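What follows is each chain in one-letter form.
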Amino acid sequence: MDRTFYSEPGVGWVALVWGPLFAALGAVAELVTGGPVHWVPWLMVAFALCVLTIPWVYARRRFLSLAVTTEGLRQGRERIEADKIADVTDVGPPVGARVLGGGWSVPNKYDELPVKLADGTVVLAWARDVEALKAALARLVESNRK
């Protein structure tokens, strides 16, 4: 059975509500100020903002999500099997280390975690809560050593 030690979704689907909420606030502002309320344009704005948000949410959920399971680490588009992870404690990040997930650098607002692989290379994992990621990966490494 595949057990999850730690995961981050990237973003929640609740972000799709932001556009309609802003449009509703605009309609309420028109209503409060006493002018005519333009219901159809506000509905069109709500729909358009929702449609524009869908690819953003989809991309963040696909490329910025991560999970540490009993099978290994999934970081964005990349997967590393559990038996290939050697160590996460006392690993220094070498200059030019490869970033997991297929990006050139660690995403903004994410912290990096050097991970030593079984072949001796060091890669950079990333998470919003890097301490929780480190604890989950250490737990995974320990469970594989047994």
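S.K.: Describe the packing of aromatic side chains, naming the residues involved and giving the relevant values.
M.R.: This structure, assessed with the given rule, holds two aromatic pairs. Each ring, one from tryptophan 18 and one from tryptophan 56, has its centre 5.9 Å from the other, and the planes form 45°; the classification is tilted. Separated by 38 residues along the polypeptide, tryptophan 18 in helix α1 (residues 18-32) and tryptophan 56 in helix α2 (residues 39-63) bring together distant segments of the chain. Under the relative-accessibility criterion, tryptophan 56 is labelled partly exposed at 36%. When the centroid spacing of 5.2 Å and the interplanar angle of 80° are considered together, the rings of tyrosine 110 and tryptophan 126 count as edge-to-face. With a gap of 16 residues between them, tyrosine 110 in the loop between β6 (98-99) and β7 (111-117) and tryptophan 126 in strand β8 (residues 122-127) connect regions that are remote in the sequence. The burial state of tyrosine 110 is the same as that of tryptophan 126; both residues are buried. Sitting over the face of the ring of tyrosine 110, arginine 128 holds its NZ or CZ atom 4.7 Å from the ring centroid.

S.K.: I'd love a proper account of the pattern of salt bridges, names of residues and values included.
M.R.: A side chain with one charge may pair with a side chain of the opposite charge, provided their charged atoms come close. Following the criterion strictly, the structure yields one salt bridge and no others. Where arginine 98 meets glutamate 78, a salt bridge forms, and the shortest distance between an N and an O atom there is 2.6 Å. Of this pair, arginine 98 sits in strand β6 while glutamate 78 sits in strand β4 (residues 78-81), and the two are 20 residues apart along the sequence. What makes arginine 98 partly exposed here is its relative accessible area of 41%.

S.K.: Explain helix α3 (residues 130-145) to me, and be specific about the residues and the numbers.
M.R.: With 16 residues, α3 extends 22 Å from end C-alpha to end C-alpha; this agrees with the ideal 22 Å at 1.5 Å per step. Restricting attention to buried positions, one finds in α3 the residues Val130, Leu133, Ala136, Leu137, Leu140 and Val141. Within α3, the buried residues cover an arc of 140° as seen down the axis, which keeps them to one side. The outward face of α3, more than 90 degrees from its buried face, is lined by the exposed residues Glu131 and Arg145. Buried residues in α3 make contact with β1 (4-8), β2 (66-69), β3 (72-75), β5 (85-87), β7 and β8.

S.K.: Break down the nonpolar core for me, citing the residues and quoting the values.
M.R.: In terms of nonpolar packing, the biggest core is built from 29 residues, with Val68, Leu73, Ile85, Val115, Leu133 and Leu137 touching the most fellow members. Looking at this core, the elements with two or more residues in it are β1, β2, β7, β8 and α3. Among the elements that line this core, the one with the most residues is α3, at six residues. Not counting residues up to four positions away in its chain, the partners in contact with leucine 137 are Val68, Leu73, Ile85, Val88, Leu113 and Val115.

S.K.: Can you lay out the sheet that holds β7 for me, pointing to particular residues and giving the numbers?
M.R.: Spatially, four strands are ordered β5-β7-β8-β6 in an open sheet, and the strand pairing comes out mixed. Edge positions in the open sheet fall to β5 and β6, since each of these has one partner strand only. With six bridges connecting them, β7 and β8 associate as antiparallel partners. Within β8, the position partnered with lysine 116 by the bridge is valine 122. The strands touched by α3 within the sheet are β5, β7 and β8, with β7 carrying the most contacts at an inclination of about 15°.

What counts as what
- Residues numbered from 1 in each chain as written.
- Predicted model: local features only at pLDDT ≥ 70, side-chain atom pairs only at ≥ 80, totals over all residues.
- Heavy atoms only, no water.
- Phe/Tyr/Trp six-rings, centres within 6.5 Å; stacked < 30°, edge-to-face > 60°.
- Helix = DSSP H or I, 4+ residues; strand = E, 2+ residues; numbered from the N terminus.
- Buried < 20%, exposed > 50% of the residue type's maximum accessible area, 1.4 Å probe, protein only.
- Lys NZ or Arg CZ within 6 Å of the ring centre and 35° of its normal.
- Salt bridge = Lys/Arg side-chain N within 4 Å of Asp/Glu carboxyl O.
- Expected span 1.5 Å × (residues − 1).
- Arc of directions from axis to C-beta.
- Contact = heavy atoms within 4.5 Å.
- Core = buried A, V, L, I, M, F, W, Y, C linked by side-chain atoms within 4.5 Å.
- Pairing = 2+ DSSP bridges.
- Axes fitted to C-alpha atoms, helices over the stretch in contact; angles between N-to-C directions.

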